[in-house]
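This is what each chain is made of:
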Amino acid sequence: MSPAKRKSATLSPVSDPQLQPIVDWFRTQGWEPLPFQLEAWHAFLAGRSGMIQVPTGSGKTYAAVMGAIATLLHTPGKGLQLLYITPLRALSRDIELSIRRPIEEMGWNLRVESRTGDTTSSRKTRQLKNMPDILITTPESLAVMLSYPGTAERFANLRGVILDEWHELLNSKRGTQTELCLSHLRQVQPTLQTWAISATLGNVEEAAQSAVGLGVEPVIVRSNLTRQTIIKSILPESVDAFPWAGHLGLHMFEELVDALDIEKSTLIFTNTRSQSERWFQALTFALPEHTDKLALHHSSIDVKEREAIEAAVKAGDIKWVVCTASLDLGVDFQPVERVVQIGSAKNLARLLQRAGRSAHVPEGISEIFFLPTNALELLEISAFRNGLKAGDLESRRSLHKPYDVLVQHLVTLACGDGFQAEQTLASVRKTVAYRDLSDDEFFWMLEFITTGGKSLNAYPRYKKATHQDGLLKVTDAQIGKMHRMGIGTIASNQALRMVYTNRKDIGTVEESFVSKLKKGDVFFFAGRQLEFFMMKDMVVYVKNTTKKSTVTPIWYGGNLTISDTLSTHLRREIGSIKAPETQDFSPEIHCIAPILATQDRLSHLPGTQELLIEVCKTREGQHLYVFPFEGRFVHEGLGFLWGYRFARQQQTTFTISVNDYGFEILAPKDYPFQDLFSDEFFSTEHLAEDLKASLNISELTNRKFRAIAQIAGLVFKGYPSSKKTTGQLQISSSLIYDVFCKYEPENLLLKQAEQEVLNEQLEAHRLTQTLERLKDLNLVWTQTRRPSPFAFPLLVERLSSRLSNESLMDRIARLKEQWNAL
């Protein structure tokens, strides 16, 4: 503990009279401030910035805001004085209520308001003219505020910024956007204090530095509160020796119902919105007499309906909520007694965050039930338990120089008061994300937003900013309006509003799903059975129906993959099974013992210092199965890389499939995988070049560029009354991509797209570490007559992409009959 921490920890609540009003309110609630809360308050009063990392439900919101409120009460000011930034609009409602509570109960003269995408236009306009003392907002809404003239005056009296759930923002473009907005606010108000709040992070000091900016030493406030997490698995009565992804899934809904109590408040987490819809259907079918106590909650459901569900959970009227990441974060559900995770959470921090939704009080005991969708996921939950026991959590870091976000930010500043280039470059370099931004890169961006750059200088709409009185400003009102409508750094599949034919809102659904529907088609959404009527002006019209259907909308949120921390524990878990000193196995390992025994009998169960490679010949061809247990994205890169390195020696056509445990390379019959293999396959030399050559890098880069083009303002989504379709946006961005490739290959946005493919989609940094690890392992080559239990999910993964569900089930049944005879 640093001397500053020791000093602040020994102070009593009233050692500073500024804190007396805060302590008085706490005592009216029958509370005493916790040591970490006192430490945070004193640090704020001392003018420090930092981060509070304590378990979920420990009182961290009041730890963050009460020091600032004490300052506001002691030395009242005018205008906006405290800014509270939250990653989710849903959180803003709870946070506003929490902050209002002491202010209203004690009669303090402070005004608190929220400003998010749900705030009315009239209220937003009023706020710009008359800011409250405390404003709760999101990164996007803050960026929009900076895009209006009068920023310097509007934020002149700002004293503090609170960053809630910083771990959720940190390694995303929204986090980068937040860093840039704060860098400008610090330029406007140099004494600004910043406090981040985080519950689950493995690299606390690094994350704190990203929050407060470079040149400031952050205070790290931790607590000695302990929060026990109990993980219980809902185990199938028996397991199939040949499992595949999702083969348990909904088949276990009866076991889930039997394991739970309808009178105990429970959150049932799924990893995708589609999965949540299907599970809600299954539970309402299983419990028809309790449908009034069941609810479905995900981000595509209309906001008013979500608010009603959250209120009913708090009131105890709704007992079970099937939900997604929409309820991961700090919405305070104190009545929740139990949490269920359907399928692996893939990430230790995510599991801990979700578990923390239950017993949401200091030092409460979190209980989480795990229900596998695949028997092999029981290995993961055993690894989860050991990882949490060891105190391991994933690290999250700022993104490295995403040029598109900075281009957007510069136009935002130019729309507002304008900016001076040298001053802005200095403030941008004080962010962790852009600490090594070069002069050449920055001035390339200035040229890009003023002239359109080398390729687009013939088009007036790309000449956004002009020099005026020593500042760069946007003087065209139309450009400013279009830019504000495009602010936001998460580009996704176009979301369409869904309404009943009487225009009552239901929620949003992605255009790619609706494009496949024809009039009369029936699908499930928000737990309702709906019939598609028509789509007009980017609005989907539906009506209730009793027609039967099994269709559920698909939202493209991306595949979850196991984290590097979890993969380490997963490999240890598998390696320990055959270790002679291992005696006490977890219930999950006992449950899947038949699978592991069959794997060892037909192939091999790898130890911690072994890399298992299986070769198998079938009617389809020659199969190579490799099991690094590193996660889907790493295996995708590794599969393409090895395929390329094989093809350099003997040209042929490969088919590649991947999952979290390994990858398959399928070649024509009798392809000599083992004869061609060498240490070169583990080489990291020329890795980027080999990866680019191994896959269609231009197509992948083109896809990445679509999102970058939207963020950088190269394509316009259209006005609310005439939004462009996803297809139109793709055509627009693809044309610009082709122009850059042909006439400006050194364009920074083009380079960014390529880097995002390598670093995000293929996780090139983890791939490098994986190759270094694998080259030191003992290779175990096995020849199998049929794919082993570890290989079987990879086979199904590949077949599922080209067979209907019925054909796939028939094929699986035939394969299992053949293999059970071995």
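Residues numbered from 1 in each chain as written. Predicted model: local features only at pLDDT ≥ 70, side-chain atom pairs only at ≥ 80, totals over all residues. Heavy atoms only, no water.

Colleague: Explain the overall build of the chain to me, please; I cannot follow it from the model alone.
Modeller: Check the secondary structure of the chain and you find 34 helices and 25 strands. Buried positions account for 58% of the 822 residues belonging to the chain. Restricting the contact set of the chain to residue pairs at least 6 apart, pairs at least 24 apart contribute 75%. For the chain, the accessible surface area stands at approximately 33600 Å², while carbon and sulfur atoms represent 50% of it. (Helix = DSSP H or I, 4+ residues; strand = E, 2+ residues; numbered from the N terminus. Buried < 20%, exposed > 50% of the residue type's maximum accessible area, 1.4 Å probe, protein only. Contact = heavy atoms within 4.5 Å. Areas by Shrake-Rupley, 256 points an atom, 1.4 Å probe, with all protein chains shown as cover.)

Colleague: I keep staring at the pattern of salt bridges and nothing clicks. Help me out?
Modeller: Here the structure, examined in full by the defined rule, presents 36 salt bridges. One salt bridge in this structure joins Glu-205 and Arg-222, with 3.2 Å as the shortest N-O distance. A residue pair is termed long-range when its members are at least 10 positions apart, and Glu-205 in helix H11 (residues 204-212) and Arg-222 in strand S7 (residues 219-222) qualify at 17 residues. Owing to a relative accessible area of 48%, Glu-205 belongs among the partly exposed residues under this scheme. Salt-bridge contacts for Lys-401 lead to Glu-441; the nearest nitrogen and oxygen are separated by 3.1 Å. Linking Lys-401 in the loop between helix H16 (377-389) and helix H17 (403-415) with Glu-441 in helix H19 (residues 439-451), this pair joins segments that are 40 residues apart in sequence. Relative accessible area serves as the criterion here: at 12%, Lys-401 is assigned to the buried category. (Salt bridge = Lys/Arg side-chain N within 4 Å of Asp/Glu carboxyl O.)

Colleague: Any chance you could explain helix H15 (residues 348-355) here in plain terms?
Modeller: Because each turn of an α-helix spans 3.6 residues, side chains separated by three or four positions end up pointing in the same direction. The buried count for H15 comes to seven of eight residues, which makes it a mostly enclosed element. What H15 keeps buried is the set Leu-348, Ala-349, Arg-350, Leu-351, Gln-353, Arg-354 and Ala-355.

Colleague: What exactly am I supposed to notice about helix H14 (residues 303-315) here?
Modeller: With 13 residues, H14 ought to run about 18 Å at 1.5 Å a step, and its terminal C-alpha atoms sit 18 Å apart, in line with that. Just beyond H14, the residue with positive phi is Gly-316, at close to 85°. (Expected span 1.5 Å × (residues − 1).)

Colleague: Looking at this structure, how should I read the pairing of strand S21 (residues 610-618)?
Modeller: The side chains of a regular strand alternate between the sheet's two faces. Burial of S21 is extensive: seven of the nine residues sit out of reach of the surface. By the bridge criterion, seven bridges tie S21 to strand S25 (residues 778-784) in an arrangement that is parallel. If you follow Glu-610 over to S25, its bridge partner there is Asn-778. Sheet analysis places S21 next to strand S22 (residues 621-627), joined by seven bridges and oriented antiparallel. Bridge assignment links Lys-617 to a residue of S22, and that residue is Gln-622. Connecting the antiparallel pair S21 and S22 is a turn made up of two residues. (Pairing = 2+ DSSP bridges.)

Colleague: What should I look at first to understand the side chain of Glu-573 in this one?
Modeller: Within the secondary structure, Glu-573 sits in helix H23 (residues 564-576). One buried charge, Glu-573, has no salt-bridge partner; the nearest side chain with opposite charge is Arg-385, at 7.2 Å. A distance of 2.6 Å separates a polar atom in the side chain of Glu-573 from a polar atom in the side chain of Asn-386. In contact with Glu-573, other than residues within four places in its own chain, are Leu-379, Ser-382, Ala-383, Asn-386, Ser-586 and Ile-589. (Lys, Arg positive; Asp, Glu negative; His and termini not counted. Polar contact = N/O pair within 3.5 Å; in protein donor to acceptor, adjacent residues only side chain to side chain.)

Colleague: Please clarify how empty space enclosed by the protein should be interpreted in this entry.
Modeller: A water-sized probe rolled over the atoms picks out the places where empty space is left. One pass over the full model with this rule turns up four cavities of 30 Å³ or more. If you add up the space inside the largest cavity, you get close to 100 Å³. Together, 13 residues line the largest cavity, and Arg-571, Gly-607, Glu-610, Phe-627 and Phe-629 are the ones closest to its centre. Among the elements of the structure, H23 and S21 are those that each provide at least two residues to the lining of the largest cavity. Counting residues per element, the lining of the largest cavity draws most heavily on H23, at three residues. Residues that form the lining of the largest cavity fall into these classes: seven nonpolar, three polar and three charged. Of the volumes computed, that of the second largest cavity is approximately 60 Å³. Residue lining of the second largest cavity: Val-407, Val-411, Phe-448, Ile-449, Gly-452, Tyr-462, Lys-464, Ala-712 and Leu-714, and that is the complete set. Those elements that place two or more of their residues in the lining of the second largest cavity are H17 and H19. (1 Å grid on protein atoms, 1.4 Å probe; cavity = no way out; pocket = protein on both sides within 12 Å on 5 of 7 lines; lining within 4 Å. Points joined across faces, edges and corners; volume = space filled by probe spheres on them. Nonpolar A, V, L, I, M, F, W, Y, C, P; charged D, E, K, R; others polar.)

Colleague: What am I meant to see in the sheet that holds strand S5 (residues 160-163) here?
Modeller: Two pairing modes exist for strands in a sheet, parallel and antiparallel, and in both the strands are linked by backbone hydrogen bonds. Pairing in this open sheet of seven strands is parallel, and the strands run S3-S4-S2-S5-S6-S1-S7 from one edge to the other. Pairing within the sheet leaves two strands with one partner each, and these edge strands are strand S3 (112-115) and S7. Within the sheet, the average angular offset between the axes of one strand and its neighbour, ignoring direction, is 20°. Bridging between strand S1 (residues 50-53) and strand S6 (residues 193-198) involves four bridges; their strand directions are parallel. Across the sheet, residue Gln-53 finds its bridge partner in S6, namely Ser-198. Across the face of the sheet, helix H3 (residues 35-45) comes into contact with S1, S5, S6 and S7 while running at roughly 160° to S7. (Axes fitted to C-alpha atoms, helices over the stretch in contact; angles between N-to-C directions.)

Colleague: Can you walk me through the packing of helix H26 (residues 632-649) against helix H28 (residues 687-694) in this structure?
Modeller: A pair of packed helices is captured by two measures, namely the crossing angle of their axes and the spacing between those axes. Their axes nearest at 9 Å, the elements H26 and H28 cross at an angle of 85°. In this view, H26 runs roughly perpendicular relative to H28, as classed from their interaxial angle. Seen from H26, the contacting residues are Gly-637, Phe-640, Leu-641, Tyr-644, Arg-645 and Arg-648; seen from H28, they are Leu-687, Asp-690, Leu-691, Ala-693 and Ser-694. A class-by-class count of the residues in the contact of H26 with H28 yields six nonpolar, two polar and three charged. (Parallel < 35°, antiparallel > 145°, perpendicular 65-115°, else oblique.)

Colleague: Honestly, unusual backbone geometry in this entry has me stumped. Any pointers?
Modeller: Excluding glycine, residues mostly carry a negative phi; peptide bonds, for their part, are mostly trans. With a phi angle near 50°, Lys-401 is a residue other than glycine that sits in the positive phi range. Of note in this structure, Glu-763 is not a glycine but carries a positive phi near 45°.

Colleague: Which parts of the structure should I look at to understand the sheet that holds strand S23 (residues 655-658)?
Modeller: Read across the sheet, five strands follow the order S23-S24-S22-S21-S25 without closing on themselves; strand pairing throughout is mixed. Of all strands in the sheet, those bounded by a partner on one side alone are S23 and S25. Recorded for the sheet is a direction-independent mean angle of 20° between the axes of neighbouring strands. On top of the sheet, H26 reaches S22, S23 and strand S24 (663-667); it is set at about 30° to S24, its chief contact.

Colleague: Would you mind going over the nonpolar core with me for this structure?
Modeller: Side chains of a nonpolar character, in soluble globular proteins, are inclined to be buried together. Counting 52 residues, the largest nonpolar core has Leu-267, Val-321, Leu-379, Leu-570, Ile-592 and Phe-627 as its most contacted members. Residues within four places of Val-321 in sequence aside, it is in contact with Thr-266, Leu-267, Ile-268, Ala-295, His-297, Ile-309, Val-313 and Leu-327. Core analysis: the second largest hydrophobic core is formed by 43 residues, Val-405, Leu-406, Leu-425 and Tyr-737 among them. (Core = buried A, V, L, I, M, F, W, Y, C linked by side-chain atoms within 4.5 Å.)

Colleague: What is the right way to look at the packing of helix H18 (residues 421-428) against H19 in this model?
Modeller: Packing of H18 against H19 leaves a shortest axis separation of 11 Å and a crossing angle of 125°. On the basis of the axis angle, H18 is oblique to H19. Between H18 and H19 lies a crossing whose hand is right-handed. On H19, the residues that touch Ala-421, Glu-422, Thr-424 and Leu-425 of H18 are Asp-439, Phe-442, Phe-443 and Leu-446. Class assignment of the residues belonging to the contact of H18 with H19 gives a composition of five nonpolar, one polar and two charged. (Left-handed = near helix turned anticlockwise from the far one by under 90°.)

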